Amino acid sequence: MARPNNFSRALVGLAFGLSGYLFVANPAFTQRRAPAESAGSSASAVTLGGWVRADYGPGAPGGVTVHLGTNEGLIGGEQPVNTSGYFEFVGLAKTYYRLTVTAPGFQSYERDLDLRSVGDKLVVNVQLSPALKSKAPPPPASSSFTDNKAPKNARKEYEQGERALRDGTLFEAQSHFEKSVKEYPCYARAQTDLALVLSEKHQFAASEAALKKALECDPDYLDTYAELGQLYYNEKKYQDSEAIIQEGLRRSPASWQFYYQLGRDHYHLGQYGKAEQEYLKAESLSSAVPVEVHVKLADVYLKQGAYDKAYAEMQAYVSAEPKGRFAPKLETVMRQMESDHVLQVAHPANRPSAAPEP
């Protein structure tokens, strides 16, 4: 079974939650954008769109995650690309950002962006290179048997919808996707991408209806499970999210991304032991799990009062990414834990320090 290509903002919501060792990054991911400098000021807002491609073959690789953060380490948003390889953040403040793109089997891509004088929109192209010493090719894109059953006109409208997304025109993309599914209602891929557009426009009920139709037509199209789970997560329906992700997992039990999503759901349900096991399972399945898993595990361990384990996870993150967006804050938490003498195990004093962002 192909592993999901479109894991729908699944790796979002990193936050720390223990009094005394807390730094907060809003865990309720109800948007895919960094806030503009002043609410309601469209003149200060920027849309950042982009296309992700691989060095070989057509289209985007599977499991792509796009992260946007400021150089001060603040979270701007995180999302996957859609099935065409496109991503978009809207309503961004005109400031400096760091764009990070990851995908299983590929080297991480980082790029600093200055949005202070780009007008109201910037579109970038990202080219991913295969990871060095990669033991396996990236997972194939999620496929649907309805792709081949869709009539010519439906496929044509879908392709036009993809091109509209390439230009960042959501209304035009929505129009083409709607025409595509009107021509062939059981076009699971078109229904799922229509749902992505509807969700971006905060039309959540319509997005849910499109996703449920996609599942009705092709219950093995994995992208839809991930997207519907994320939609429920955005609406803080964590139990519903957990249930639909479990359905996807039954169809693709080797997908680390699904375990990652379950860990997030269990965390918000207060089931920290389960969250720990899901994150560890994701780690055991693939070396492609983002290094931020250490931050998530540290948060879980702090909730459980397992300070030494939390410290070790923080240390693992800082060691792996000393210039990472969470490194400065983790260093602060680690120093506080040391000064509070809550650690039972002597940890090395020569731990790496977080280098300042350029």
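Scroll up for the structure.
Residues numbered from 1 in each chain as written. Predicted model: local features only at pLDDT ≥ 70, side-chain atom pairs only at ≥ 80, totals over all residues. Heavy atoms only, no water.

Asks: Hey, could you run me through the pairing of strand S4 (residues 86-93) in this one?
Replies: Taken residue by residue, a regular strand's side chains alternate between the two faces of the sheet. Most of S4 sits out of view: eight of its eight residues are buried. Where strand S1 (residues 45-54) meets S4, six bridges bridge the pair, whose relative direction is antiparallel. Bridge pairing links tryptophan 51 to tyrosine 86 in S4. (Buried < 20%, exposed > 50% of the residue type's maximum accessible area, 1.4 Å probe, protein only. Helix = DSSP H or I, 4+ residues; strand = E, 2+ residues; numbered from the N terminus. Pairing = 2+ DSSP bridges.)

Asks: Before we go on, may I ask you to explain helix H6 (residues 222-234) in this structure?
Replies: Since the α-helix packs 3.6 residues into each turn, any two residues three or four apart lie on the same face. With 13 residues, H6 extends 19 Å from end C-alpha to end C-alpha; this agrees with the ideal 18 Å at 1.5 Å per step. The element H6 is extensively covered by neighbouring structure, given that 13 of its 13 residues are classed as buried. Lysine 236 sits one or two positions beyond H6 and adopts a positive phi of about 65°. (Expected span 1.5 Å × (residues − 1).)

Asks: Is there a simple way to think about the nonpolar core in this case?
Replies: A general feature of soluble globular proteins is that nonpolar side chains tend to end up buried together. One finds Leu228, Ile244, Tyr279, Met314, Tyr317, Leu330 and Met337 to be the most contacted residues of the largest nonpolar core, which totals 43 residues. For this core, the secondary structure elements donating two or more residues are helix H5 (204-217), H6, helix H7 (238-251), helix H8 (256-268), helix H9 (272-285), helix H10 (293-304), helix H11 (307-320) and helix H12 (327-339). Val46, Leu99, Tyr109 and Leu113 belong to the second largest nonpolar core, which has 23 residues in total. (Core = buried A, V, L, I, M, F, W, Y, C linked by side-chain atoms within 4.5 Å.)

Asks: Just to check I follow, could you spell out the pattern of salt bridges for this structure?
Replies: One side chain can pair with another of opposite charge once the charged atoms of both are near each other. A full pass over the atoms with the stated rule returns 13 salt bridges. Linking aspartate 147 and arginine 189 is a salt bridge whose minimum nitrogen-to-oxygen distance equals 2.7 Å. Of this pair, aspartate 147 sits in helix H1 (residues 146-149) while arginine 189 sits in helix H4 (residues 188-200); the two residues are 42 residues apart in sequence, bridging distant segments of the chain. As a salt-bridge pair, glutamate 247 and arginine 250 come within 2.3 Å of each other at their nearest N and O atoms. Highlighted residues: glutamate 247 and arginine 250, both in helix H7, separated by three residues, approximately one helical turn. (Salt bridge = Lys/Arg side-chain N within 4 Å of Asp/Glu carboxyl O.)

Asks: Explain the state of the cysteines to me, please; I cannot follow it from the model alone.
Replies: Simply put, the disulfide is a covalent bond whose two ends are the sulfur atoms of two cysteines. Summed over the entire model, instances satisfying the criterion amount to one disulfide. Here cysteine 186 connects covalently by a disulfide to cysteine 217, the sulfurs 2.1 Å from one another. Its S-S torsion of approximately -70° makes the covalent link between cysteine 186 and cysteine 217 left-handed. Here cysteine 186 is found in the loop between helix H3 (170-183) and H4, whereas its partner cysteine 217 is found in helix H5, with 31 residues between them in sequence. According to the relative accessible area criterion, cysteine 186 is partly exposed, its value standing at 25%. (Disulfide = S-S within 2.5 Å.)

Asks: What's the story with the packing of H5 against H6 in this structure? I'm lost.
Replies: In helix packing, the relevant descriptors are the interaxial angle and the interaxial distance, both defined with respect to the helix axes. Across the interface, H5 lies against H6 with an axial gap of 10 Å and an inter-helix angle of 155°. With respect to H6, the element H5 is oriented roughly antiparallel. Helix-helix and strand crossings are classified by hand; for H5 and H6 the assignment is left-handed. Here H5 contributes Phe204, Ser207, Glu208, Leu211, Lys212, Ala214 and Leu215 to the contact with H6, which in turn contributes Thr224, Tyr225, Glu227, Leu228, Leu231 and Tyr232. Residue composition of the contact of H5 with H6, grouped by class: eight nonpolar, two polar and three charged. (Axes fitted to C-alpha atoms, helices over the stretch in contact; angles between N-to-C directions. Parallel < 35°, antiparallel > 145°, perpendicular 65-115°, else oblique. Left-handed = near helix turned anticlockwise from the far one by under 90°. Contact = heavy atoms within 4.5 Å. Nonpolar A, V, L, I, M, F, W, Y, C, P; charged D, E, K, R; others polar.)

Asks: When you look at H7 in this model, what are you seeing that I'm missing?
Replies: With 14 residues, H7 should cover 20 Å at 1.5 Å per step; its first-to-last C-alpha distance of 20 Å lies within 8% of that length. Those residues of H7 that fall on the buried side of the exposure criterion are Tyr238, Ser241, Glu242, Ile244, Ile245, Gly248 and Leu249.

Asks: When you look at the environment of serine 144 in this model, what are you seeing that I'm missing?
Replies: Inspection of the secondary structure puts serine 144 in the loop between strand S7 (121-128) and H1. Judged by its relative accessible area of 6%, serine 144 falls in the buried class. Sequence separation between serine 144 and tyrosine 187 is 43 residues, and the spatial gap between their C-alpha atoms is 8.6 Å. Among residues more than four places away in sequence, those in contact with serine 144 are Ala188, Arg189, Asp218 and Tyr221. Within polar-contact distance, the side chain of serine 144 engages the side chain of aspartate 218 at 2.6 Å. (Polar contact = N/O pair within 3.5 Å; in protein donor to acceptor, adjacent residues only side chain to side chain.)

Asks: Can you walk me through the packing of aromatic side chains in this structure?
Replies: The description of an aromatic ring pair uses the distance of the two centres, along with the angle that the planes make with each other. Taken as a whole and judged by the stated rule, the model has ten aromatic pairs. For the ring pair tyrosine 158 and phenylalanine 177, a centre distance of 5.4 Å and an interplane angle of 40° mean the geometry is tilted. Note that tyrosine 158 is positioned in helix H2 (residues 152-166) and phenylalanine 177 in helix H3, a separation of 19 residues in sequence. This pair shows no difference in class: tyrosine 158 is buried, exactly as phenylalanine 177 is. Ring geometry for tyrosine 260 and tyrosine 279: centres 5.5 Å apart, planes at 70°, overall edge-to-face. On the criterion of sequence distance, the pair formed by tyrosine 260 in helix H8 and tyrosine 279 in helix H9 is long-range, its members being 19 residues apart. Accessibility expressed as a relative area gives 1% for tyrosine 260, which makes it buried. Ring-pair connections join several aromatic residues into one group, and the members of that group are Tyr158, Phe177, Tyr184 and Tyr187. (Phe/Tyr/Trp six-rings, centres within 6.5 Å; stacked < 30°, edge-to-face > 60°.)

Asks: Is there a simple way to explain a positive patch on the surface in this structure?
Replies: Taken together, Lys152, Arg155, Lys156 and Arg163 make up a surface patch of like positive charges. Taking the relative accessible area as the measure of exposure, lysine 152 reaches 65% and is therefore exposed. (Patch = residues over 30% accessible without salt bridge, like charges linked within 9 Å, V, L, I, M, F, W, Y side chains within 5 Å. Areas by Shrake-Rupley, 256 points an atom, 1.4 Å probe, with all protein chains shown as cover. Lys, Arg positive; Asp, Glu negative; His and termini not counted. Charge placed at Lys NZ, Arg CZ, Asp CG, Glu CD.)

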